[in-house]
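Here is what each chain is made of, one letter per residue.
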Amino acid sequence: MGGQVNSTGGALVFEDFSNTLIRLVETFGVSMNLAQRVTMSSDTLLVPKRLSGITGYWIGENTTITTSDPTATMVQLVLKKLAAATRVSNELLADNAISVAQWLATEYATTISGTLDDAFFNGDGTLSAYGGIRGLSQITDGTHTASVATAASGNTTLATLDIDDYLAALAKLPRYAIGTSAWYMHPAVYHQSVQRMMLSSGTVGTGTVGALAGGNTAANLAQGTPNTFLGLPVVWVLKMNSAPTTGTVAAYVGDLSLSSIMANKGDMQIASSTDRYFEVDQTAWRVTYRVDINHHSLGDNSTAGPVVALKLA
């Protein structure tokens, strides 16, 4: 007898089952922590925004002062509904060893946060794909050219981007944003471009030293480098392009809390119903989240905004 064959004893062996689900997924939701967050009490929110200030004039004695007025506009946010749904048999809900409801809640959170990140950075304004949201990618639409730094001629790949390209983007950034800024890029861009430069050697003067850090020792290379670059933290954005090509954005630098607003009404709402699929004995689950995103300050063709894009040549 043995435990490998049912007829000779295997049928007596109990098969154990773990109540832990192996779940290997990426983490999203960076946009929720980067943009200015606002909670809405109605479907529409208007946020005042300064456009220009007051002009000062040099005048002589007994001269009439020329008056000038500050100007402002309104940034509008209109709630969009993001949703997902699932059908689950009631047998599975009754017999499961792992909480299906908890699993669905976790999956819904991943879906909502990933979809929001995608819209925040890549939205093209289409209703079906992005809920009508225009993402940060609109910075290259030709109306914000002062906020775009194009890499030097010939620097058309991640491998050819150099320190001068990143410095050019940083130089465009207004000083009011520099103290709270960060770099935003896909991890692949960080490793293939930024980290490659930080860990490589270059010639400075008569000696060979670290290209950026003034010389890397064996200890430095063993310990790796922190996620900082040129004095600013690096934020990994999984929904950004992992393999930018000629003429596309490789990274952003700036403060997204100054350029962008994400408004929501309440938290993510999860509900279930046994009525919708009563005839097939299933429970319907759904999640909804009401939100809008507005990148209101991306600069124009003469003045850079608080976020600058680094684009490959």
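Parameters at a glance
Each chain carries its own residue numbering, running from 1 in the written order of its sequence. Note on the predicted model: pLDDT of at least 70 is required for a residue's local features to be given, and 80 or more for side-chain atom pairs to be given and counted; whole-chain, interface and lining totals, by contrast, use all residues. Excluded from the side-chain calculations are hydrogens and water; all other atoms, namely the structure's heavy atoms, are used. Strands here are runs of E lasting at least two residues and helices are runs of H or I lasting at least four, both read from the DSSP assignment and numbered beginning at the N terminus. Under the scheme applied here, a residue whose accessible area is under 20% of the maximum for its type counts as buried, over 50% as exposed, and between as partly exposed, the area being computed with a 1.4 Å probe on protein chains only. The contact definition used throughout considers only heavy atoms, calling two residues in contact when any of these lie within 4.5 Å. Calculation of accessible area relied on Shrake-Rupley with a 1.4 Å probe; when residues are assessed, cover is drawn exclusively from the protein chains displayed. In this description, strands pair whenever DSSP reports at least two bridges between them. In this analysis an axis means a line fitted to C-alpha atoms, helices contributing only their contacting stretch, and an angle means the value between N-to-C directions, from 0 to 180 degrees. Nonpolar core, defined: a set of buried Ala, Val, Leu, Ile, Met, Phe, Trp, Tyr and Cys residues in which side-chain atoms within 4.5 Å join the residues together. Salt-bridge detection follows one rule: a side-chain nitrogen of Lys or Arg within 4 Å of a carboxyl oxygen of Asp or Glu.

Draft legend 1. Seen up close, the overall build of the chain. When helices and strands are counted, the chain shows nine helices and 15 strands. Counting across all 313 residues of the chain, residues that qualify as buried make up 35%. Across the chain, contacts joining residues at least 24 apart in sequence account for 75% of those joining residues at least 6 apart. Here the chain displays about 17,600 Å² of accessible surface, and carbon together with sulfur accounts for 54% of that area.

Draft legend 2. A look at the sheet that holds strand β10 (residues 232-236). On the basis of which strands lie adjacent, the open sheet formed by six strands has the order β5-β15-β11-β6-β10-β9 and mixed pairing. Each having just a single partner strand, β5 (148-150) and β9 (228-229) make up the two edges of the open sheet. Bridging between β5 and strand β15 (residues 307-311) involves three bridges; their strand directions are parallel. If you follow Thr150 over to β15, its bridge partner there is Lys311. Where helix α5 (residues 163-172) meets the sheet, its contacts fall on β5, β6 (182-185), β9, β10, β11 (249-254) and β15, and the angle it forms with β15 comes to roughly 155 degrees.

Draft legend 3. Molecular detail of the nonpolar core. By size, the foremost hydrophobic cluster in this structure holds 33 residues, and its most contacted members are Phe121, Tyr184, Tyr252 and Leu256. Among the secondary structure elements, those contributing two or more residues to this core are α3 (100-122), β6, β11, β14 (282-295) and β15. Apart from residues lying up to four places away in sequence, Tyr184 is in contact with Leu34, Val235, Val237, Met240, Ala251, Tyr252, Gly254, Asp255 and Leu256. Counting 25 residues, the second largest nonpolar core, distinct from the first, contains Ala149, Leu161, Leu232 and Val234.

Draft legend 4. The pattern of salt bridges, seen in detail. For the structure shown, the criterion picks out three salt bridges. The residue Asp43 makes a salt bridge to Arg290 at a minimum N-O spacing of 2.4 Å. Of the two residues, Asp43 is situated in the loop between β1 (36-39) and β2 (44-52) and Arg290 in strand β14; the sequence distance between them amounts to 247 residues. Asp43 sits in the partly exposed class, given a relative accessible area of 40%. For Asp292, the salt bridge is made with Lys80, and the minimal N-O distance between the two is 2.9 Å. Here Asp292, found in strand β14, pairs with Lys80, found in strand β4 (residues 80-89); they are 212 residues apart in sequence, far enough to count as distant. On the accessibility criterion, Asp292 (3% relative accessible area) is buried.

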